[in-house]
Amino acid sequence: MDDPGQLKEEGNTYFQATDYENAIKCYTKAIKLTKDKSLKAVLYRNRAASFICTFNESFVWALLRTIDINASDIKALYRRSQALEKLGKLDQAFKDVQRCATIEPHNKNFQETLRRLGANIQEKLHIQFSMDARVQKMFEILLDENTDKEKREKAANNLIVLGREEAGAERIFQNNGVNLLMKLIETKNVELILAAVRTLSGMCSGHKARATAILHQLGIDSICMWMSVDNEEISLAVCNLLQAITDSLSGEGKEEQHGKEEALVLDTKKDLKIITMHLLDMLIGKKVSGQGRDRALNLLNKNIPRKDLRIHDNSRALFVIDNGLKKILKVVGQIPDMPGCLPLTENTQMTASILLNKLYDDLRCDSERDHFREICEEYIKSKIDPQDMDKTLHAISIVSGVLQGPFDLGNKLLGMKGVMEMMVALCGSEREIDQLVAVEALIHASTKLSRATFIITNGITLLKEIYKKTKNEKIKIRALVGLCKLGSAGGTDYGLRQFAEGSTEKLAKQCRKWLCNTSIDTRTRKWAVEGLAYLTLDAEVKDDFVEDEAAMQAMFELAKTSDKTILYSVASTLVNCTNSYDVKELIPELVQLAQFSKQHVPEEHPKDKKDFVVKRVKRLLKAGVVSALTCMVKADNAILTDQTKELLARVFLALCEDPKDRGTIVAQGGGKALIPLAIEGTDVGKVKASHALAKMAAISNPDIAFPGERVYEVVRPLVSLLNTERDGLQNYEALLGLTNFSGRSDKLRQKIIKERALPEIENYMFENHDQLRQAATECMCNLVVNKEVQERFVADGNDRLKLIVLLCSEDDETVQKAAAGALAMLTAAQKKLCYKMTQVTTQWLEILQRLCLHDNVDIQHRGLVVAYNLISADKELAKKLVESELLEILTVIGKQKDDPKIQHAIDAARECLVKCMDYGLIKPLSQA
């Protein structure tokens with residue numbers, strides 16, 4: 001349709017039907033098509049009215065355009081006034097309505113609006129002046145060196161809180177706050193620096209214009225310099241500030257509702273590119289601390305690769321590859337023990353390898369991957385020099401680092417001319433550093449069976465030779481890890497062991513010995529865990545490991561240190577010990593076929609059977625594995641990859657298997673640790689963590705397991721398990737967890753409804769599976785207390801009430817009890833449902849009578865309560881019940897002697913009879 005007039009009419013139709021989105025589309029299309037100024041003014045005005053109804057910020061600019069076209073359009077002026085008031089622009093709103101009142105002085109609506117806005121402006125000014133005074137006072141206290149420490153700390157905390165609130169942040173900003181905060185940073189007092197940086201972070205969060213202004217006022221050079229300092233707290237606080245600025249500039253983070261000031265920011269891409277370039281420069285800056293370099297890498301890891309590969313635009317990754325790939329490779333190739341090495345932490349190089357992996361995964365086609373590879377090859381070639389062994393060492397270290405990132409690419413780089421030859425030559429070198437780098441490269445090269453074949457044939461002899469000859473513990477342990485990796489190439493398959501019987505256990509014993517030896521440096525002990533991560537695929541090894549409490553404790557202590565490169569190895573070891581890896585189910589027919597055709601059939605080790613796994617889980621729990629896991633989850637570092645999170649989720653799920661252990665896991669913080677694992681990570685990891693949460697939620701007191709607001713975060717993971725892609729056990733335990741939650745408070749019930757769980761719960765009430773039907777009905781029984789759920793039952797055109805009534809006639813007592821409970825609560829809360837119950841099925845009276853005669857006193861009581869609700873609702877309904885056999889049933893129950901065991905049922909029946917007597921439907925019982 002290309003007629004603006006028709007589009008206007010169509011838009012009006014949509015507007016009247018409250019379909020504002022389609023109305024906006026029609027008006028927008030008509031605006032583009034028409035050149036008639038008067039029609040355009042009407043269209044802008046109508047579109048603005050639609051925007052107001054959706055409360056979209058864009059309507060302000062639509063209205064401004066209207067005024068530009070026709071400055072005397074009183075309707076448009078008044079609508080703009082409404083819009084500006086909604087956005088908090090009271091002074092501008094007042095001017096518009098004042099103009100309206102000048103044009104139409106007798107319009108009562110305009111006069112009332114003027115009076116209201118005037119009063120609001122006065123109140124806002126009063127608050128502003130008092131807040132301005134507070135802000136000034138805080139800065140005076142903070143900048144006065146003579147103020148006592150307690151007063152300063154209080155002022156600093158108040159300033160941080162104020163910076164997180166929109167009104168407070170704006171007052172600080174308007175009162176020269178950024179310059180005063182910079183003065184605090186210049187004091188070199190750690191507490192004041194932290195207060196200033198954290199206040200700036202709050203001011204930048206969710207406000208594009210303010211974040212841009214603060215970025216330019218502080219200067220990206222200064223921000224990066226502050227982040228480069230060798231102080232962990234300051235470096236982290238500045239990193240959070242830069243993340244808040246980046247989120248606001250890229251439109252992420254909390255929702256913005258600011259108005260006119262947003263027009264100041266036309267394009268943030270330039271600022272984002274400048275931030276990226278400075279972060280890349282930090283990677284190779286000699287004055288940058290190891291902490292600062294880690295922060296820069298973490299920011300790049302978080303903000304450069306696409307969060308969703310379905311998004312087509314990967315320009316940020318391409319920009320970093322073109323402008324910073326060589327800088328990242330330089331970090332990866334650093335050798336800590338060599339002179340001239342950049343300041344690093346134990347996490348720096350692994351974080352750089354992860355960044356390489358993320359960038360490589362973010363590429364969309366072969367030509368982009370080839371370009372990435374060519375840059376790497378060119379950089380490595382520039383480092384290989386047979387005449388300069390130190391330079392060549394860096395080249396091998398780069399290959400080693402890439403193998404820890406994008407492994408496919410690392411494999412290709414291994415095939416470059418001279419690389420393998422140099423690795424072999426370095427293994428035979430007399431220098432310790434040469435052997436260390438070469439052995440580590442060999443270890444990283446031998447990752448999977450299919451890709452490790454050339455290493456198995458050439459490298460295993462080399463590693464054995466080094467292991468036997470060297471007296472250097474550092475080299476010996478690394479050579480052993482290489483042998484461990486190659487020895488575990490058969491995975492959990494008992495029949496595919498690479499080494500002779502007992503060799504694997506000997507290697508593992510040596511690993512445990514090194515792990516427990518605190519006189520060896522941490523970096524070297526970490527390699528012992530790496531070895532165990534492979535060797536514990538063998539059931540004998542994992543059984544020996546959990547028997548060695550000292551070795552377990554040593555590994556847990558290493559997992560809690562600042563060195564996060566160990567996380568994956570510890571998680572892998574624990575997955576192996578708990579057998580929480582995926583095992584393909586063997587189909588007997590296919591096994592027979594494979595045996596007949598003389599093909600290899602995977603074998604299960606006797607110690608991988610369930611009873612052995614249960615014993616290992618108990619030993620790990622006793623040794624304190626939960627506290628180690630919770631500490632690992634807290635790692636705010638790119639090294640805690642989605643794959644590592646998945647491994648941790650698998651371990652938690654295995655630990656939660658026995659209901660008796662769940663209390664221990666909750667007490668040690670397991671519930672809290674599982675929430676982030678259920679929200680972020682791989683799809684498999686999120687499902688495993690959600691299932692573990694469901695197991696805890698099903699039997700724990702939510703107030704203890706998930707204290708405070710945390711309990712509301714658990715609801716979404718539980719609801720995510722209610723779909724057909726999940727297995728029956730996951731569905732069942734999620735329903736049990738939701739049943740437990742829905743019985744706690746109406747706020748929790750509201751959260752369950754908000755997460756759209758109701759339709760799924762209703763679906764499971766139709767299930768053929770008895771336990772699923774039971775759990776769903778019990779959950780619904782708790783949810784019907786909520787008014788919104790009751791209204792759904794009252795609404796026409798659904799069979800919800802019919803389903804509940806029919807479930808009351810089920811043979812399964814648990815289902816009957818839950819359905820009868822739901823029906824009792826519904827009919828008590830909503831009189832309409834008492835009438836509706838008699839219409840949904842012809843069997844309603846028979847079902848009610850069966851409930852009232854039930855052998856189970858709890859079910860009988862629920863039935864009697866339903867009968868009472870029906871009788872209380874209406875005299876005609878009561879009459880219908882009295883004329884049926886129900887009167888006889890009520891009389892028999894009511895006449896029974898008092899009995900504490902069934903008194904609640906007797907009392908309910910007597911209340912029914914009393915109500916019928918009140919109506920005059922029956923005569924009082926004669927006294928005995």
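Conventions we followed
Residues numbered from 1 in each chain as written. Predicted model: local features only at pLDDT ≥ 70, side-chain atom pairs only at ≥ 80, totals over all residues. Heavy atoms only, no water. Core = buried A, V, L, I, M, F, W, Y, C linked by side-chain atoms within 4.5 Å. Buried < 20%, exposed > 50% of the residue type's maximum accessible area, 1.4 Å probe, protein only. Contact = heavy atoms within 4.5 Å. Helix = DSSP H or I, 4+ residues; strand = E, 2+ residues; numbered from the N terminus. Expected span 1.5 Å × (residues − 1). Axes fitted to C-alpha atoms, helices over the stretch in contact; angles between N-to-C directions. Parallel < 35°, antiparallel > 145°, perpendicular 65-115°, else oblique. Left-handed = near helix turned anticlockwise from the far one by under 90°. Salt bridge = Lys/Arg side-chain N within 4 Å of Asp/Glu carboxyl O. Phe/Tyr/Trp six-rings, centres within 6.5 Å; stacked < 30°, edge-to-face > 60°. Lys NZ or Arg CZ within 6 Å of the ring centre and 35° of its normal. Patch = residues over 30% accessible without salt bridge, like charges linked within 9 Å, V, L, I, M, F, W, Y side chains within 5 Å. Areas by Shrake-Rupley, 256 points an atom, 1.4 Å probe, with all protein chains shown as cover. Lys, Arg positive; Asp, Glu negative; His and termini not counted. Charge placed at Lys NZ, Arg CZ, Asp CG, Glu CD. Polar contact = N/O pair within 3.5 Å; in protein donor to acceptor, adjacent residues only side chain to side chain. pLDDT = per-residue confidence, 0-100. UniProt positions renumbered as here; feature names shortened; annotations may be inferred.

A. Structural context of the nonpolar core. Phe372, Leu515, Phe706, Phe741 and Met780 are the most contacted members of the largest nonpolar core, which totals 259 residues. Discounting chain neighbours no more than four positions away, the residues touching Phe706 are Gly671, Ile675, Leu693, Met696, Ala697, Val711, Val714 and Phe741. Listed in part, the 13 residues of the second largest apolar core include Tyr78, Leu84, Phe110 and Ile121.

B. Spatial organisation of helix α37 (residues 683–699). The terminal C-alpha atoms of α37 lie 25 Å apart, and with 17 residues this matches the ideal 24 Å at 1.5 Å per residue to within 8%. Listed in full, the buried residues belonging to α37 are Gly685, Val687, Ala689, Ser690, His691, Ala692, Leu693, Ala694, Lys695, Met696, Ala697 and Ala698. Those residues of α37 hidden inside the fold are in contact with α34 (642–655), α35 (659–667), α36 (670–679), α39 (710–720) and α40 (728–742).

C. Region of interest: the packing of helix α14 (residues 232–250) against helix α15 (residues 269–283). Two numbers describe how α14 lies on α15: the axes approach to 10 Å, and their chain directions differ by 150°. Our classification of the angle between α14 and α15 gives roughly antiparallel. The element α14 and its partner α15 pack so that their crossing is left-handed. Where α14 abuts α15, its residues Leu242, Ile245, Thr246, Leu249 and Ser250 lie against Asp271, Leu272, Ile275 and Leu279.

D. How the structure looks around helix α10 (residues 177–186). Judged by how many residues are buried, α10 sits mostly within the fold: seven of ten residues are covered. Along α10, the residues classified as buried are Gly177, Val178, Leu180, Leu181, Met182, Leu184 and Ile185. A positive backbone phi angle near 65° is found at Lys188, which sits one or two residues after α10.

E. Structural detail: the pattern of salt bridges. Counted by the stated rule, this structure contains 43 salt bridges. A salt bridge links Lys469 to Glu465; the shortest N-O distance between them is 3.1 Å. Here the residue Lys469 and the residue Glu465 both occupy positions in helix α24 (residues 453–469), the gap between them amounting to four residues, near one helical turn. Assessed through its relative accessible area of 63%, Lys469 is described here as exposed. Of the residues examined, Glu465 reaches a relative accessible area of 40% and is grouped as partly exposed. Arg800 is the partner of Glu762 in a salt bridge, and the nearest nitrogen-oxygen pair spans 2.5 Å. Linking Glu762 in helix α42 (residues 758–764) with Arg800 in helix α45 (residues 800–807), this pair joins segments that are 38 residues apart in sequence. Since its relative accessible area comes to 23%, Arg800 is described here as partly exposed. Each member of the salt-bridge network shares a partner with another, and the members are Glu540, Asp543, Lys607 and Arg616.

F. Examining the side chain of Gln860 more closely. Relative to the assigned elements, Gln860 resides in helix α49 (residues 857–873). On the accessibility criterion, Gln860 (13% relative accessible area) is buried. Setting aside residues no more than four positions away along its own chain, Gln860 makes contact with Leu851, Cys852, His854, Ile893 and Ala905.

G. Spotlight on unusual backbone geometry. Even without being a glycine, Asn176 presents a positive backbone phi close to 60°. Examined against the element boundaries, Asn176 turns out to sit in the loop between α9 (166–174) and α10. By relative accessible area, which is 42% here, Asn176 ends up partly exposed. For Arg756, which is not glycine, the phi torsion reads 60° and is therefore positive. Within the fold, Arg756 resides in the loop between α41 (746–754) and α42.

H. Up close: the packing of aromatic side chains. Using the criterion set out here, one finds three aromatic pairs in the structure. A ring pair is formed by Tyr78 and Phe110, whose centres lie 5.2 Å apart and whose planes are at 50°; its orientation type is tilted. Placement of the pair is Tyr78 in helix α5 (residues 74–86) and Phe110 in helix α7 (residues 108–143), with a sequence separation of 32 residues. With a centroid separation of 6.1 Å and an interplanar angle of 70°, the aromatic rings of Phe706 and Phe741 are classed as edge-to-face. Note that Phe706 is positioned in the loop between α38 (702–705) and α39 and Phe741 in helix α40, a separation of 35 residues in sequence. A residue is classified by how much of its surface remains accessible, and Phe741, at 0% relative accessible area, is buried. For the cation-ring pair, Lys476 lies above Tyr467, with the distance from its terminal atom to the ring centre recorded as 4.7 Å. Seen from the ring of Phe612, Lys615 lies directly overhead, with NZ or CZ sitting 5.6 Å from the centre.

I. Broad picture of a negative patch on the surface. On the surface, Asp148, Glu150, Glu153 and Glu191 cluster together into a patch of negative charge. Mapped onto the secondary structure, Glu153 falls in helix α8 (residues 149–164). Relative accessible area serves as the criterion here: at 38%, Glu153 is assigned to the partly exposed category.

J. Local environment of the side chain of Asn731. Among the structural elements, Asn731 can be located in helix α40. Classification of Asn731 by relative accessible area gives buried; the value is 6%. A polar contact of 2.7 Å, which involves the side chain of Asn731, links it to the backbone oxygen of Leu721. Setting aside residues up to four positions removed in sequence, Asn731 forms contacts with Leu721, Leu722, Asn723, Arg726, Tyr764 and Leu772.

K. Here's a closer look at the packing of α9 against helix α12 (residues 208–218). Closest axis-to-axis distance for the α9/α12 pair is 12 Å, and the angle between their directions is 35°. In the packing of α9 onto α12, the handedness of the crossing is left-handed. In this structure, α9 uses Glu166, Ala169, Glu170 and Phe173 to contact α12, whose residues at the interface are Arg210, Ala213 and Ile214.

L. Broad picture of the confidence of the model for the protein. The share of residues in the protein with pLDDT of 70 or more is 89%, and the mean pLDDT across the chain is 84. Considering only residues more than four positions removed or in separate chains, one finds that residues 490–500, a stretch of pLDDT under 50, has 26 contacts.

M. How the structure looks around the UniProt feature "repeat: TPR" (unreviewed entry) in the protein. Under the UniProt annotation, the feature "repeat: TPR" (unreviewed entry) is placed at residues 4–37 and 74–107. Secondary structure across residues 4–37 comprises 82% helix and 0% strand; the distance between its end C-alpha atoms is 12 Å. Span residues 74–107 is 79% helix and 0% strand, its end C-alpha atoms 12 Å apart.

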